[in-house]
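Residue-level structural notes
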Amino acid sequence: MKDSKCKAGNCETAVSCSATECVHNEEEVCTADHIKISGANASERKETECDTFCC
């Protein structure tokens, strides 16, 4: 993760991402307006998913 920015209650958190074909990934930083992460029952890292991912 990188840094967080908060202005008047509107917070932004930079999220690093290594997806190579996602339209929201620019220089390994997610640029989506919002993201949803799934995989709450994952037992390994590779089982988590970004529901925002699209190519």
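Described below are features of the structure shown in this document. (Residues numbered from 1 in each chain as written. Predicted model: local features only at pLDDT ≥ 70, side-chain atom pairs only at ≥ 80, totals over all residues. Heavy atoms only, no water.)

**Overview of the overall build of the protein**
In terms of helices and strands, the protein carries zero helices and six strands. When the helices and strands of the protein are listed from N to C terminus, the series reads β-β-β-β-β-β. Here the protein, with 55 residues, has 9% of them falling under the buried criterion. Once local pairs closer than 6 in sequence are excluded, the contacts in the protein between residues at least 24 apart make up 21%. As displayed, the protein offers around 4900 Å² of accessible surface, 47% of which is attributable to carbon and sulfur atoms. (Helix = DSSP H or I, 4+ residues; strand = E, 2+ residues; numbered from the N terminus. Buried < 20%, exposed > 50% of the residue type's maximum accessible area, 1.4 Å probe, protein only. Contact = heavy atoms within 4.5 Å. Areas by Shrake-Rupley, 256 points an atom, 1.4 Å probe, with all protein chains shown as cover.)

**A word on unusual backbone geometry**
Positioned with a positive phi, Glu27 is a non-glycine residue whose angle comes to about 55°. As for its position among the elements, Glu27 is in the loop between β3 (25-26) and β4 (29-30). By relative accessible area, Glu27 is classed as exposed at 78%. With a phi angle near 65°, Glu28 is a residue other than glycine that sits in the positive phi range. By the secondary structure assignment, Glu28 is in the loop between β3 and β4.

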